[in-house]
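Each chain, letter by letter, is given below.
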Amino acid sequence: MDDGVKDPADIKNRIQALREALRHHNYRYYVQDDPEISDAAYDRMFRELQELETAHPEFASADSPTSRVGAPPDAALKTVRRSVPMLSINNAFTDADIYDFDKRVRKHLRSDDPIRYTMELKLDGIAVELVYQDGMLIQGTTRGDGVTGEVITANLKTIKTIPGLLRRQDNSFPPQRLEVRGEVIMTRDGFSRLNDDRLRNNDPPFANARNAAAGSLRQLDPAVTAARPLMMFAYGIGDFSGIDHYASHYDLLCMLADLGFTINEYTRPGVTINDVIDIFRHTETIRESLPYDIDGMVIKVDSLEQQRLLGATSRSPRWVIAYKFAAVQETTTVESIEIQVGRTGTMTPVANLRPVRIGGVMVSRATLHNEDEISRKDIRVGDTVLVQRAGDVIPEIVKVITAGRTGRETIFRMRDTCPACGSRAIRIQGEAATRCVNPFCPAQIKERIKHFSSKGAFDIDGFGDKLVEQLVDRDIVRSFADIFRLDRSVLMNLDRMGEKSADNIIAAIEKSKQIDFNAFLYSLGIRHVGEHAARLLADAFNDVEQLMAAGTDQLDEALRRTEKSAGKKEERLVVSDSVKRFFEDPHNQELVRQLIDSGVSISYRRSLTSRENRDVSGKTFVFTGTLKNFSRDEARALVEQAGGRISGSVSSRTDYVVAGADPGSKLEKAETLGVPIMDEETFARIIRSGTGEAPFPGGDPQ
């Protein structure tokens, strides 16, 4: 705060100027995706406004940018297990995929006759389920994980296209029980009006219509939801009783329309597989002219009898597929390539790009993975490149536009020294990564501390990247044990650290001292020991001292005995040797003892690996693309708890590839090798079920 500002009029003017500036920058950042200032500069302005408003409450205003309120956390909502899971849909990306789907359908039905399909737009919104009893809406939930949803009944009742009471046009009795599935969306015009209103009310705008719809549905106050321009299209049903027999999926949609639901006008019933391709092509051309966002089309076998005969695998119904539009790509220029150093010393090249807007987001960086990847794609500084945005993760360079080369481009060479500490960097034979050999490298220390405090490890709330950066840069934290020596006075001397924040962090550190053995092992950052291996080791040894004293053969036998699918012997030996070498190091032995002396209490209860899921136990999963409802760590933990394992690459030994939004080359390799592919919803279904039984196919999976 400017100490020179003393006069009340000057203070009031300064507050007003800051508010106007922050509103402007909110608009540039959230609406135009084109910020004019750095985050740090924005934060300084924001803090100054907070300090002035705190010191001068007489100038407080409910419309100040500091008073904006975000969506409540999911934990605030009650959850419920639904009677029929909201299943998933397999994805198609090419015409060949669609024709293959049609062949599979006809083969399973043992029919050479053309199959009739119903096509629906794949709306980019939020899936919900509505439960009606004797015509009355009694419950509404989000899709959640497919099996369990968040209860948002009061909010859904505020949406005008959702009937609270079902009435047939002929006034006959409504179904005794009916579960209706639908997609809640916000039209583009509605989204634009909402953001205009928020700007007029000095609230930050939403980034896109889907996020706006999701945030609107999860409000704790239904009045907020009611004020938002939401609508729902019904697309199917779950459980039901007391309704007539219908011959086709389209008949069901017409029944829902008769009951008062809105059915999408672009739905096309009774089309052939060749029609599907033509309609998809046409829809792709009019995509941007539609009143709402879509990301593909859903193709369903129209005959309900054929749907019943086709049934479902444990992953998804055999009678439906989603044909996704191509991923968004743009061209830009590689301005430079820098090296990032990870917790194990891995030096990863990252391209700094000329900023380009991709899918509504300004992209300026792209991962290059390793030296071999750069060489394979022949990526040079100054190149024009095709960049693909993979959801919320760092984008990747798909290929170089060599026709755009001028001769001034420079070839990248991996450094033989670490950019963070200057120590020697080596590339071990047989590995793609180049590593810094200095275990005391500050970049490695920072990444190890971040890993140690992350979810799945000690899970220290509030121990974010910026805090870790400060603690290491100021030489306050040099090892894990130093975290447990932090006190309030030390934290209070850090930038942007108030009393309450410091107290919260101290409390979080204290809470983290109670930790399960598997999480403790994972937190140590032992190379080749992810959450899965940590669980196996925790199940095999009685305590950390016994594990520290184990030899390679003992470790290998423990892994083999703990789980039949713990990998081939050579794979187990890699883990065993890494664990042995880690605990042979006197520094690491002392580190473990320091942690225990600091008050860390390890619980040696067995992990959940004994709870076998027949679809998951013993299977190897590979993830590609961006998951919407799980972080990678959460998905990995779910697989490992169910007895499965995670791999970073696709091979003939891979059992499943889980493809999220904008999947990468792993998807292509899976298709080449014939590895089964599932989307996120299918993954959620089987990971939660624990039974492997195919659900009743009447549960529409969209």
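Computed from a predicted model, the values in this text were never measured in an experiment.

Caption draft 1: Quick peek at the overall build of the protein. When helices and strands are counted, the protein shows 25 helices and 26 strands. When burial is assessed residue by residue, the protein has 49% of its 702 residues classed as buried. Contacts spanning at least 24 positions in sequence make up 70% of the contacts within the protein whose residues lie at least 6 apart. As presented, the protein carries roughly 33,000 Å² of accessible surface, and 47% of it is formed by carbon and sulfur atoms.

Caption draft 2: A look at the layout of surface pockets. By volume, the second largest pocket amounts to about 880 Å³. Secondary structure elements with two or more residues in the lining of the second largest pocket: strand 20 (434–436), helix 12 (442–452), helix 21 (569–584) and helix 22 (586–597). It is helix 12 that contributes the most residues to the lining of the second largest pocket, 4 residues altogether. Considered class by class, the residues forming the lining of the second largest pocket number 13 nonpolar, 8 polar and 7 charged.

Caption draft 3: Examining the packing of helix 12 against helix 13 (residues 465–473) more closely. Where helix 12 contacts helix 13, the two axes come as close as 10 Å, and the packing angle between them is 135°. Overall, the two elements helix 12 and helix 13 adopt an arrangement that is oblique. Like other packed secondary-structure pairs, helix 12 and helix 13 cross with a definite hand, here right-handed. Contacts between helix 12 and helix 13 pair Pro442, Ile445, Lys446, Ile449 and Lys450 from the former with Asp465, Val468, Glu469, Val472 and Asp473 from the latter. Split by residue class, the contact of helix 12 with helix 13 holds 5 nonpolar, no polar and 5 charged.

Caption draft 4: Spotlight on helix 13. When helix 13 is considered as a whole, its buried residues turn out to be Leu467, Val468, Gln470, Leu471 and Val472. Tucked inside the fold, the buried residues of helix 13 contact helix 12, helix 15 (488–492) and helix 16 (499–512). One or two positions beyond helix 13, positive phi appears at Asp475, with a value near 60°.

Caption draft 5: Just unusual backbone geometry, in detail. Of note, Asp378 is a non-glycine position whose phi angle comes to about 55°, a positive value. Structurally, Asp378 is set in the loop between helix 11 (371–377) and strand 15 (380–381). Owing to a relative accessible area of 30%, Asp378 belongs among the partly exposed residues under this scheme. You will see that Asp459, though not glycine, has its phi angle at about 50°, which is positive. If you trace the backbone, Asp459 turns up in the loop between helix 12 and helix 13. Overall, the relative accessible area of 43% leaves Asp459 in the partly exposed class.

Caption draft 6: Region of the structure containing the sheet that holds strand 25 (residues 656–659). On the basis of which strands lie adjacent, the open sheet formed by 4 strands has the order 24-23-25-26 and parallel pairing. Strands at the two margins of the open sheet, each flanked by one partner only, are strand 24 (645–646) and strand 26 (677–679). The pairing of strand 23 (residues 620–624) with strand 24 spans 2 bridges and is classified as parallel. Counterpart to Thr620 in the pairing with strand 24 is Arg645.

Rules and cut-offs
- Residues numbered from 1 in each chain as written.
- Predicted model: local features only at pLDDT ≥ 70, side-chain atom pairs only at ≥ 80, totals over all residues.
- Heavy atoms only, no water.
- Helix = DSSP H or I, 4+ residues; strand = E, 2+ residues; numbered from the N terminus.
- Buried < 20%, exposed > 50% of the residue type's maximum accessible area, 1.4 Å probe, protein only.
- Contact = heavy atoms within 4.5 Å.
- Areas by Shrake-Rupley, 256 points an atom, 1.4 Å probe, with all protein chains shown as cover.
- 1 Å grid on protein atoms, 1.4 Å probe; cavity = no way out; pocket = protein on both sides within 12 Å on 5 of 7 lines; lining within 4 Å.
- Points joined across faces, edges and corners; volume = space filled by probe spheres on them.
- Nonpolar A, V, L, I, M, F, W, Y, C, P; charged D, E, K, R; others polar.
- Axes fitted to C-alpha atoms, helices over the stretch in contact; angles between N-to-C directions.
- Parallel < 35°, antiparallel > 145°, perpendicular 65-115°, else oblique.
- Left-handed = near helix turned anticlockwise from the far one by under 90°.
- Pairing = 2+ DSSP bridges.

Any functional reading would require information beyond the geometric quantities listed.
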